[in-house]
Every structure is written in structure tokens, then in C-alpha cells.
Amino acid sequence: MVLDALGLALDPDQGLASEARLLSARHEGETAEAIIAAALDLYAGRIALVSSFGADSAVLLAMVADIDRSLPIIFLDTGKLFPATLAYRDALVEALGLTGVVTHGPDANDQADVDPAGALWMTDTDACCEIRKVRPLAVALSPYAAWISGRKRYQAETRVNLPLFEATGGQIKVNPLLGWDRARIDAYREARHLPPHPLVALGYPSIGCLPCTDKVKPGEDERAGRWRGKAKTECGIHLSQPSGTVIPGI
Ligand code: SF4
């Protein structure tokens, strides 16, 4: 730990990366609940959960609610979400007794400057995600040293090497469900009687913004409906950024 502290002092990026590696090794093989509890203890008062209130979100939200119903939970309302997602957020907040959910949205000046008509998604999805997701999340996360994500390795090829703890953007990101698969998620949700997102039954196993989310056909990757027809696979908030990277302009 002395070496870690020294490394952090000499090079914050290296120090944070060392911290993530150490935590990943220390908590390897533990249950998701134990990992969440350890992270909440380690970063007490300096950690938040980021939730899309999407298809799988109920599992992580229920685990967090079991430990601390007042944990800060960041929800990004891009202004382009399905109305069903907003209703699902409200239903889960009520069902789980969550008291720390805060909704963040895009900056009004960014929208006026870059997307005054609200149609940027049609011509430049990266720029649209930048002002509606990446920048608002950076602002929302700025008070925290760590955050919890619900990503899982099985979801997409871009996520197969997900570590338990990672250093990104000057913060520690925790992925307690990284090893979970579809069957385990569904079994947990059913055992806990957690309501499903209403769009899942309509053919949407992964749910983002309405203009950029399509139904998925049998046999397709669960995220195949996200930005269908485009090379884009991630909105940008989960792209690896070396610790301390400044989010670029558009
Ligand atoms: S997912 Fe689509 S609508 Fe949502 S922020 Fe990204 S480009 Fe814009």
C-alpha cells in the first residue's frame, strides 16, 4: 500500500490503475453483493451508482437497495428516452424505496449550440451522445471518486475483457455483475419479484434512446439493436479513457 501511495503521488494515473488492479485481485470470485458492499465501504460518501433503468437495471438497483437505499444513483435523461423508461424508473424507485436517485440532462447551452433542432442523432450520433450522455455524466460524477456500473462481459464483444475494478476518467469504476449472464439475471429478477422493463417483452433486450434503439432478432447480440446499421457500439460513457483524460470538444 505504501508503494501504491507513492505511485499515486508521483503519477495519479498509474496510482489509480494500480488501485484498480489491486482491488480486482482482492475481490476476485466474491459475490456481486459482497463486491458492492466492499466498494460502498471503501469509498463511503464518495461513490455513486449510474443506472439507465434499462432492461437489466433492476438487479443491481435491488442489491444496492439492500445495503443503502440512500446511495446516490445517477440517471441520465438524454431527452430522447422512451417514455416507458421514465415510467420504469419511477416504478423501481417506488418499489425499492430508493431515495438517492438524481436525474441529470444535457446542458442547455450545448443543446442550443450544437443540437438546436434536437435532430443531431440523425447526422452525427457521436456528437449527440457527447452532449446528451458523456458530458452530463462527467458533470454528475465529478463529486465522486468511484462509481458502480451494471455492465456484463457477455453483453458484447467490446465488454469481454471487463475487469472488476477499472481506472477511467480519474475515477474507479466497479463492475460487480461482470460475470453474470442472461439466465442468471432473469433468475435473480424473478426470485426477487422485480418488475421487468416493459419494452423487453416487445423485443428490446437492450434499451437506450428511442431513435437509436431497434428490436433485436433471435440469435442476434443483445445490443445489436443499438445504433443499428452503424459501426457505433457504445455511447462513449464506457469507452476506456485513461485516468485524467479531459472529455474532448465536439
Ligand atoms: S443514443 Fe442516439 S439519441 Fe441518444 S444521445 Fe446517443 S445519438 Fe443521441
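What comes next concerns the included structure.

**Regarding the overall build of the chain**
Turning to step 1, where the next piece is worked out: Across its full length, the chain holds 8 helices and 6 strands.
Turning to step 2, where the next piece is worked out: In the chain, the succession of helices and strands from N to C terminus is α-α-α-β-α-β-α-β-α-α-β-β-β-α.
Turning to step 3, where the next piece is worked out: Taking all 250 residues of the chain together, 46% fall into the buried category.
Turning to step 4, where the next piece is worked out: Sequence separation of 24 or more characterises 70% of the internal contacts of the chain that already satisfy a separation of 6 or more.
Turning to step 5, where the next piece is worked out: Roughly 12000 Å² of accessible area belongs to the chain as shown, and the carbon and sulfur atoms make up 57% of that amount.

**A few points about the site of the ligand**
Turning to step 1, where the next piece is worked out: Around the ligand, a shell composed of Lys 80, Trp 121, Thr 125, Cys 128, Cys 129, Arg 132, Lys 133, Cys 209, Cys 212 and Trp 227 is seen.
Turning to step 2, where the next piece is worked out: Among the detected pockets, the ligand sits in the second largest cavity.
Turning to step 3, where the next piece is worked out: Split by residue class, the shell around the ligand holds 6 nonpolar, 1 polar and 3 charged.

**Things to note about the sheet that holds strand 1 (residues 47–50)**
Turning to step 1, where the next piece is worked out: If you walk across this open sheet you meet the 6 strands as 3-2-1-4-6-5, and the pairing is mixed. Strand pairing shows two members of the sheet lacking a second neighbour, strand 3 (101–104) and strand 5 (165–168), which therefore form its edges. When the angles between neighbouring strand axes are averaged without regard to direction, this sheet yields 30°.

**A few points about the pattern of salt bridges**
Turning to step 1, where the next piece is worked out: Enumeration over the complete set of coordinates arrives at 11 salt bridges.
Turning to step 2, where the next piece is worked out: The closest approach of N and O atoms between Lys 152 and Asp 56, which form a salt bridge, is 3.8 Å. Of this pair, Lys 152 sits in the loop between strand 4 (146–148) and strand 5 while Asp 56 sits in the loop between strand 1 and helix 4 (57–67); the two residues are 96 residues apart in sequence, bridging distant segments of the chain.
Turning to step 3, where the next piece is worked out: What makes Asp 56 buried here is its relative accessible area of 10%.
Turning to step 4, where the next piece is worked out: Of the charged contacts, one joins Glu 166 and Arg 151 as a salt bridge, the two residues approaching to 2.3 Å between their closest N and O atoms. Of this pair, Glu 166 sits in strand 5 while Arg 151 sits in the loop between strand 4 and strand 5, and the two are 15 residues apart along the sequence.

**Regarding helix 5 (residues 83–96)**
Residue pairs spaced three or four apart in an α-helix point in one direction, given the helix's 3.6 residues per turn.
Turning to step 1, where the next piece is worked out: Between the first and last C-alpha of helix 5 there are 20 Å, a value that for 14 residues agrees with the 20 Å anticipated at 1.5 Å per step.
Turning to step 2, where the next piece is worked out: Along helix 5, the residues classified as buried are Thr 85, Tyr 88, Arg 89, Leu 92 and Leu 96. Projected onto a plane normal to the axis of helix 5, the buried residues spread over an arc of 105° and lie on a single side. Turned more than 90 degrees from where helix 5 packs its buried face, Pro 83 and Glu 94 sit exposed.
Turning to step 3, where the next piece is worked out: Considering only its buried residues, helix 5 is in contact with helix 4, strand 2 (73–76) and strand 3.
Turning to step 4, where the next piece is worked out: One or two residues past the end of helix 5 sits Gly 97, with phi positive at roughly 70°.

**Here's the deal with helix 7 (residues 125–141)**
Turning to step 1, where the next piece is worked out: The terminal C-alpha atoms of helix 7, which comprises 17 residues, lie 22 Å apart, in line with the 24 Å expected from a rise of 1.5 Å per residue.
Turning to step 2, where the next piece is worked out: Approximately 40° is the largest bend angle found in helix 7, and it occurs at Ile 131.
Turning to step 3, where the next piece is worked out: The element helix 7 is extensively covered by neighbouring structure, given that 13 of its 17 residues are classed as buried.
Turning to step 4, where the next piece is worked out: The opening residue of helix 7, the one whose side-chain oxygen lies 3.3 Å from the backbone nitrogen of Asp 126, is Asp 124.

**Observations concerning empty space enclosed by the protein**
Turning to step 1, where the next piece is worked out: Inspection of the entire model under this criterion finds 2 cavities of 30 Å³ or more.
Turning to step 2, where the next piece is worked out: A volume near 120 Å³ is recorded for the second largest cavity.
Turning to step 3, where the next piece is worked out: Lining the second largest cavity we find 15 residues, and of these Cys 128, Cys 129, Cys 209, Cys 212 and Trp 227 sit closest to its centre.
Turning to step 4, where the next piece is worked out: For the lining of the second largest cavity, the class distribution of residues is 7 nonpolar, 4 polar and 4 charged.

**Description of the side chain of His 197**
Turning to step 1, where the next piece is worked out: Mapped onto the elements of the fold, His 197 is located in the segment after helix 8 (182–191).
Turning to step 2, where the next piece is worked out: Looking at His 197, its side chain comes within polar contact range of the side chain of Thr 85, at 3.0 Å.
Turning to step 3, where the next piece is worked out: Sequence-distant contacts of His 197, that is, excluding residues within four places in its chain, are made with Phe 53, Gly 54, Ala 55, Ala 84, Thr 85, Tyr 88 and Ile 207.

**A word on the layout of surface pockets**
Turning to step 1, where the next piece is worked out: Approximately 200 Å³ is the volume found for the second largest pocket.
Turning to step 2, where the next piece is worked out: Along the walls of the second largest pocket sit 16 residues, with Gly 29, Glu 30, Leu 164, Leu 178 and Gly 179 positioned nearest its centre.
Turning to step 3, where the next piece is worked out: The set of elements that each furnish at least two residues to the lining of the second largest pocket consists of helix 2 (12–27) and helix 3 (32–42).
Turning to step 4, where the next piece is worked out: Each residue belonging to the lining of the second largest pocket can be placed in one class, and the counts come to 7 nonpolar, 5 polar and 4 charged.

Parameters and conventions
- Residues numbered from 1 in each chain as written.
- Predicted model: local features only at pLDDT ≥ 70, side-chain atom pairs only at ≥ 80, totals over all residues.
- Heavy atoms only, no water.
- Helix = DSSP H or I, 4+ residues; strand = E, 2+ residues; numbered from the N terminus.
- Buried < 20%, exposed > 50% of the residue type's maximum accessible area, 1.4 Å probe, protein only.
- Contact = heavy atoms within 4.5 Å.
- Areas by Shrake-Rupley, 256 points an atom, 1.4 Å probe, with all protein chains shown as cover.
- Near = heavy atom within 4 Å.
- 1 Å grid on protein atoms, 1.4 Å probe; cavity = no way out; pocket = protein on both sides within 12 Å on 5 of 7 lines; lining within 4 Å.
- Sits in = over half its atoms within 2 Å of the grid points.
- Nonpolar A, V, L, I, M, F, W, Y, C, P; charged D, E, K, R; others polar.
- Pairing = 2+ DSSP bridges.
- Axes fitted to C-alpha atoms, helices over the stretch in contact; angles between N-to-C directions.
- Salt bridge = Lys/Arg side-chain N within 4 Å of Asp/Glu carboxyl O.
- Expected span 1.5 Å × (residues − 1).
- Arc of directions from axis to C-beta.
- Bend = angle between axes of the 7 residues up to and from the residue.
- Polar contact = N/O pair within 3.5 Å; in protein donor to acceptor, adjacent residues only side chain to side chain.
- Points joined across faces, edges and corners; volume = space filled by probe spheres on them.

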